[in-house]
Protein chains: 2
Amino acid sequence: MTAALFDRIAIIGIGLIGSSIARAARQQGLAKHIAIADISEEVRKVAAELKLGDSCHAEPGAAVRDADLTLVCVPIGAYAEVGQAIAPHLKSGSILSDVGSVKQAVLRDLGPLVPDHVHFIPGHPIAGTEHSGPAAGFAELFEGRWTILTPLPGWDEAAAAKLSEFWTRMGAMVETMEPMHHDQVLAITSHLPHLIAYTIVGTATGLEEHTQREVIKFSASGFRDFTRIAASNPIMWRDIFLNNREAVLEMLGRFSEDLTALQRAIRWGEGEKLEDWFTRTRAVRRSIIDAKQA
Amino acid sequence: MTAALFDRIAIIGIGLIGSSIARAARQQGLAKHIAIADISEEVRKVAAELKLGDSCHAEPGAAVRDADLTLVCVPIGAYAEVGQAIAPHLKSGSILSDVGSVKQAVLRDLGPLVPDHVHFIPGHPIAGTEHSGPAAGFAELFEGRWTILTPLPGWDEAAAAKLSEFWTRMGAMVETMEPMHHDQVLAITSHLPHLIAYTIVGTATGLEEHTQREVIKFSASGFRDFTRIAASNPIMWRDIFLNNREAVLEMLGRFSEDLTALQRAIRWGEGEKLEDWFTRTRAVRRSIIDAKQA
């Protein structure tokens, strides 16, 4: 085994992503001590049973004390609160990062609270499943997936390199991106797909009861893929939409225009328009398979 | 092996579904002779190499001659043409069925062409993948999945029972349904999901080139699931939308209302509304897992 990258890391919030990091960091020997913290007693209990951390804390401030790397893995709406709790305890020269799906909001909420002596490098692993909680995580979650870092101007190159190595040793590929651009790309690749999956599954639950049962029964025809996406953590997703509002509404506007155009083509029987559109989208799948992200 | 159900079956159109039926029927010994027909020479060549049929025909009329069961497995837009080609050759007392995703249109296009001495029992296996063509099929496609039959008034019970047995011996579960109701259920479980997947993937291809490349790269965050659905056969889907217009537009109307409500909740920061909605949709996933259709 290669040497540990950090003496102590702190993982704040031990859900799907936090617990996957804990498992992968342990498996790869990336830290001598893994401190975990979670606000929920129930979650801490499960995390303790699963032996996810070397120490388990109710107070995030206690977890980050002496940590060389702190990773915030809570829903974005809780960042300000977590920031206030940990800021006074962050070790000088340590790295503070996170895994949130919106980066401008993280800069807004966490940025002002970070002491000058701490290297603040927001991050976002593009990985996940529809399951939530500490038992849902697994060490291989990040393998072959991208992690995006959105460093601030004047960032410390050595700290960023160390954080990158942490992710690559968990199997991820690392890329840097401007925070605003990150939020736009994620709005179309992740936030809008989740929003429309949530919408259609909700639409189906609004149908009369008899039809609803059949929707479940015959879901193998396309619907079930949407239900998987629409089973993701409600609080995490509420916070994503509230905190990436502009980019989501912008992409939603484009989507709605396109949907209206296809709706019109269906109403007026414009088969060629439909076929052209469907042929174009088919090529996108090929690109994703070629990029090994299928 | 149990006895063959039919002396000869004819499969018209040997794409994903047709070739899966050919494979499953062969594997289960359901027919002494499997006659296949396809309009495309290229497809026939592949089908011959894969030995999908005992005989392979360019003319559907030649395939159905003496067949005890004929299954039409072509895009819905080609039903009228196929119907005209096969009607004079259908064997007296034989069964004519199909696998199309819209049933009222099948009754409209094929119904008037079917001779009185033939048992016409439309069908629809709720199974498929995003791949197309004779090489994409596999014998297990129907295992554990539903096949819906939409029999007409005064149908022959014995013929329907035989067709049901054909499907159950390929691993499917069989259910009967009114054609109009079938089209409504499929509009929400299959047609609308495909339409919005096609839409969002198209929306993404409309973005500026730089962002497009990133959409591919970071597609693991939700988008890639939509690209899979939006890679389905363009002609088949064009025909589905054109032929189930009323039900699709009705469900699309409901979806658009719901999407607008969520859009408004995002714009006005109504977190509770979003969380409630996302919690409700999560339960639907549980039902699908319980129904073993996940």
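Structure shown above.
The structure reproduced in this document is the subject of the present report. What you are looking at is a predicted structure, and each value in this text was computed from that prediction instead of being measured.

1. Overview of helix α10 (residues 234-243) of chain A
With nine of 10 residues buried, α10(A) is to be regarded as a mostly interior element. Every buried residue of α10(A) is listed here: P234(A), M236(A), W237(A), R238(A), D239(A), I240(A), F241(A), L242(A) and N243(A). In the core, the buried residues of α10(A) are packed alongside α5 (104-110), α7 (179-205) and α11 (245-267) of chain A together with α11 (245-267) and α12 (271-290) of chain B.

2. A few points about the relation of the copies chain A and chain B
Expressed as a screw operation, the relation of chain A to chain B combines 0.0 Å of axial shift with a rotation of 180 degrees, fitting to an RMSD of 0.0 Å. Taken together, the rotation angle and the small translation identify this as a two-fold axis. Taking the C-alpha atom as reference, chain A places D225(A) closest to the rotation axis, 3.6 Å from it. Both copies present the same face, since 99% of the interface residues in chain A are matched by interface residues at the equivalent positions in chain B.

3. Let's talk about the interface of chain A and chain B
On the side of chain B, 79 residues touch chain A, which itself brings 80 residues to the contact. Going through the elements one at a time, α7, α8 (209-217), α9 (223-229), α10, α11 and α12 (271-290) of chain A are the ones with two or more residues in the side of chain A that touches chain B. If you tally residues by element for the side of chain A that touches chain B, the top one is α7(A), at 19 residues. Here the residues of the side of chain A that touches chain B sort into 43 nonpolar, 21 polar and 16 charged.

4. Here's the deal with the packing of α11(A) against helix α7 (residues 179-205) of chain B
Between α11(A) and α7(B), whose axes approach to 9 Å, the crossing angle comes to 125 degrees. In this view, α11(A) runs oblique relative to α7(B), as classed from their interaxial angle. Both α11(A) and α7(B) take part in a crossing whose hand is right-handed. Across the interface between the two elements, R254(A), F255(A), D258(A), L259(A) and L262(A) from α11(A) touch L195(B), I196(B), T199(B), I200(B), G202(B) and T203(B) from α7(B). Across the contact of α11(A) with α7(B), the residue classes tally to six nonpolar, three polar and two charged.

About the cut-offs
Residues numbered from 1 in each chain as written. Chains lettered and ligands numbered in written order. Predicted model: local features only at pLDDT ≥ 70, side-chain atom pairs only at ≥ 80, totals over all residues. Buried ≥ 20, exposed ≤ 12 C-beta atoms within 10 Å, placed from the backbone. Helix = DSSP H or I, 4+ residues; strand = E, 2+ residues; numbered from the N terminus. Contact = placed C-beta atoms within 7 Å. Least-squares fit on C-alpha atoms with pLDDT ≥ 70 in both. Nonpolar A, V, L, I, M, F, W, Y, C, P; charged D, E, K, R; others polar. Axes fitted to C-alpha atoms, helices over the stretch in contact; angles between N-to-C directions. Parallel < 35°, antiparallel > 145°, perpendicular 65-115°, else oblique. Left-handed = near helix turned anticlockwise from the far one by under 90°.

Keep in mind these numbers describe shape, not what the thing actually does.
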